[in-house]
Amino acid sequence: MVIKVSGLNKYFGGHHVLKDISIAINGGEVVSIIGPSGSGKSTFLRCINYLEPFEGGEINVLGSVLKPKMHEKKDEPYIRDIRTKVGMVFQSFNLFPHMNVLENIIEAPCHVLKKPREEAEGKAMELLKKIDLADKAFSYPYTLSGGQKQRVAIARALAMEPEIMLFDEPTSSLDPELAVEVLETIKNLAIEGKTMVIVTHQIAFVRHVCHKVLVFNEGRIIEQGDPDQVFINPCNQRTATFLMHLKF
Ligand SMILES: Nc1ncnc2c1ncn2[C@@H]1O[C@H](COP(=O)(O)OP(=O)(O)OP(=O)(O)O)[C@@H](O)[C@H]1O
Ligand SMILES: [Mg+2]
């Protein structure tokens, strides 16, 4: 088991946004999260690498335990260590605009992992070849399409050699055709056996690639299981209603 969430509770002020979430994820498992807007999907992902502190429960990530009231300063090395093992890709690509693609990718390996520049560049070029963007190594983000930017963002996260990857709606700002190329990149990671948690409403992708889907609603996991079973024959009425609004 690489992620074990036990009784996670999270509040924003008086607003209870995650309610007693418990879930275990095994190494090599690809888990998707779906659910209505505001149900807590992003907040849940952000808790996994402590981008959001939480008030109750604990999260065991690769044997390290995150718990309430961790201290930003005192526990900083501990939290940073977890963040280097857990890569995250967001909906908006967040590339550094003043750096070219290669510089974007080697930034963290050089500065956080203290890798020699040459070694980091070699690894970055390997990653760019893998996502078919080797010819863009010296291009600046503004010259790339949305799909290309997102693939660079994925390569940048992978450059840290994370054991787990978290994706928060990685294709929702992209045209359908560009979304396909990003999903293909993520699918290849699944084939390599990378553990991933992916918030996405790309149902075909979830059915073909993910081992499990979690359905969030109002801060709870209301249903979970094999994607085919959940999509074709949901147990929960709320899941059924939500799915009616999605295109298959
Ligand atoms: N920084 C914040 N401060 C206060 N409330 C927040 C904050 N971030 C999120 N929330 C609230 O927490 C709840 C869960 O938000 P979250 O972003 O996790 O939902 P989501 O399921 O990812 O939604 P979406 O599908 O729209 O991305 C929402 O009610 C939201 O308004
Ligand atoms: Mg969200």
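Keep in mind that what you see is a predicted model, and the values were worked out from it rather than measured. (Residues numbered from 1 in each chain as written. Chains lettered and ligands numbered in written order. Predicted model: local features only at pLDDT ≥ 70, side-chain atom pairs only at ≥ 80, totals over all residues. Heavy atoms only, no water.)

## Let's talk about the site of ligand 1
Around ligand 1 sit F12, H15, V17, P36, S37, G38, S39, G40, K41, S42, T43 and E169, and those are all the residues in its vicinity. The contact in question runs from an oxygen atom of ligand 1 to an N or O atom on the backbone of G40, over 3.0 Å. Within the contact set of ligand 1, an oxygen atom lies 2.8 Å away from a side-chain nitrogen or oxygen of S42. Surface burial for ligand 1 is 59%, taken as the share of its 640 Å² of free accessible area covered by protein chains. Where the shell around ligand 1 is concerned, the elements lending two or more residues are β2 (15–25) and α1 (41–48). When residues of the shell around ligand 1 are assigned to their parent elements, the largest contribution, 3 residues, is made by α1. For the shell around ligand 1, the class distribution of residues is 3 nonpolar, 7 polar and 2 charged. (Near = heavy atom within 4 Å. Polar contact = N/O pair within 3.5 Å; in protein donor to acceptor, adjacent residues only side chain to side chain. Areas by Shrake-Rupley, 256 points an atom, 1.4 Å probe, with all protein chains shown as cover. Helix = DSSP H or I, 4+ residues; strand = E, 2+ residues; numbered from the N terminus. Nonpolar A, V, L, I, M, F, W, Y, C, P; charged D, E, K, R; others polar.)

## A look at the sheet that holds strand β10 (residues 220–225)
Spatially, 6 strands are ordered β6-β7-β8-β3-β9-β10 in an open sheet, and the strand pairing comes out mixed. The sheet is open, and its two borders are formed by β6 (86–89) and β10, each paired with just one other strand. Looking at each pair of strands side by side, their axes are set apart by 20° on average, direction ignored. Pairing between strand β7 (residues 164–168) and strand β8 (residues 195–199): 5 bridges, direction parallel. Along β8, the bridge assignment pairs L166 with V197. (Pairing = 2+ DSSP bridges. Axes fitted to C-alpha atoms, helices over the stretch in contact; angles between N-to-C directions.)

## What to know about the sheet that holds strand β4 (residues 56–61)
A sheet is described by the order of its strands in space; here 4 strands give the open sequence β2-β1-β4-β5, paired in antiparallel fashion. The outermost strands of the open sheet, each flanked by one partner alone, are β2 and β5 (64–66). Across this sheet, the average inter-strand angle for adjacent strands is 25°, counted without regard to direction. Along the sheet, α1 makes contact with β1 (3–12), β2, β4 and β5, crossing β1 at roughly 120°. (Contact = heavy atoms within 4.5 Å.)

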